[in-house]
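# Residue-level structure breakdown
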Amino acid sequence: MNQSLQTLLDKLSAKYADNNTISLSVDLVEMHVKPEDLIEVATQLRDDPEFAFVQMSDLCGVDYATFGEAEWSTATTSQASFSRAVDSNSIGRLSFGSGMELPDSSRPRFASVMHLLSLDHNVRLRLVCPAADDEMPVVPSVTNIWACADWYERESFDLFGILYDGHNDLRRILTDYGFVGHPFRKDFPLIGNVEMRFDPVKGRVVYEPVTIEPRVLVPRVIRDDSRYDNGAVPESDNA
């Protein structure tokens, strides 16, 4: 493990001894914070010289609704691998007006995820803030701590429907004003809810229910090939 990451891990574990979510995740440290503690913790992470996370490089929303569930079984060569989705209630089958029964989960469905950079210590931290309510996910805005969070939080609101309490201009930023739903949610139809076209009679753009038939594309099946078991390349491939 990189010594800088180990040092950060030790300092965070000592500073927030009651937080058991602090762990190493690939090339950075990850830490989960409750919404009611986010502002205090984020301010400390920015202002404390031991951490000095003065830069927020990214903020995004996450939907854990189907976390850990595979839509396709592609590890075998059985006929089922070439069928439609494993789950008949898959996202790709959703159409206008249809719904999806999401699996029960013990973890919050939505979270706001921030990636912080300490230039002084040359380390990165992933700060995760889960929303307490799945039906109306609300987390505090960090725009007063890192000003660059402004457009990031608007994007997260637009795509995931996460509300940022304290944001002074929380409007859609990527989709149209008349857009229905939040397109990055796991239960949002891949074909969308509405389509638009120019109506020559009305002389304007109109929105209508989608007319595209939903379908799930067939993935490539992963097959085992004994020729490559030992990393050997067939002679024909060396030519």
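Okay, so let's go over this structure. (Residues numbered from 1 in each chain as written. Predicted model: local features only at pLDDT ≥ 70, side-chain atom pairs only at ≥ 80, totals over all residues. Heavy atoms only, no water.)

## Re the overall build of the protein chain
- Broken down by element type, the protein chain carries four helices and nine strands.
- Counting from the amino terminus, helix and strand elements in the protein chain follow one another as α-β-β-α-β-β-β-β-α-β-β-β-α.
- Residues classed as buried in the protein chain amount to 36% of the 239 residues present.
- Here the protein chain has roughly 14700 Å² of accessible surface; of this, 50% comes from carbon and sulfur atoms. (Helix = DSSP H or I, 4+ residues; strand = E, 2+ residues; numbered from the N terminus. Buried < 20%, exposed > 50% of the residue type's maximum accessible area, 1.4 Å probe, protein only. Areas by Shrake-Rupley, 256 points an atom, 1.4 Å probe, with all protein chains shown as cover.)

## With respect to the pattern of salt bridges
- A complete count under the given rule lists 10 salt bridges for this structure.
- For Arg172, the salt bridge is made with Asp158, and the minimal N-O distance between the two is 2.6 Å. Here Asp158 lies in helix α3 (residues 149-160) and Arg172 lies in the loop between β7 (163-165) and β8 (194-199), a separation of 14 residues in the sequence. Taken as a pair, Arg172 and Asp158 share a single burial class, namely buried.
- In this structure, Arg197 and Glu208 form a salt bridge, with 2.9 Å as the shortest nitrogen-oxygen distance. With Arg197 in strand β8 and Glu208 in strand β9 (residues 204-209), this residue pair connects regions lying 11 residues apart in the sequence.
- Among the charged side chains, a salt-bridge network with shared partners connects Asp63, Arg109 and Asp187. (Salt bridge = Lys/Arg side-chain N within 4 Å of Asp/Glu carboxyl O.)

## Structural notes on helix α1 (residues 3-15)
- Helix length check: α1 (13 residues) gives 18 Å between terminal C-alpha atoms against 18 Å at 1.5 Å per residue, within 8%.
- Within α1 the residues assigned to the buried category are Leu5, Leu8, Leu9 and Leu12. The buried residues of α1 occupy one face: seen down the axis, they fall within an arc of 100 degrees. For α1, exposure combined with an orientation more than 90 degrees from the buried face picks out Gln3 and Ala14.
- The inward-facing, buried residues of α1 abut β1 (23-25), β2 (28-32), α2 (35-47) and β5 (123-130).
- Sitting at the amino-terminal end of α1 is Asn2, which places a side-chain oxygen 2.7 Å from the backbone nitrogen of Ser4. (Expected span 1.5 Å × (residues − 1). Arc of directions from axis to C-beta. Contact = heavy atoms within 4.5 Å. Polar contact = N/O pair within 3.5 Å; in protein donor to acceptor, adjacent residues only side chain to side chain.)

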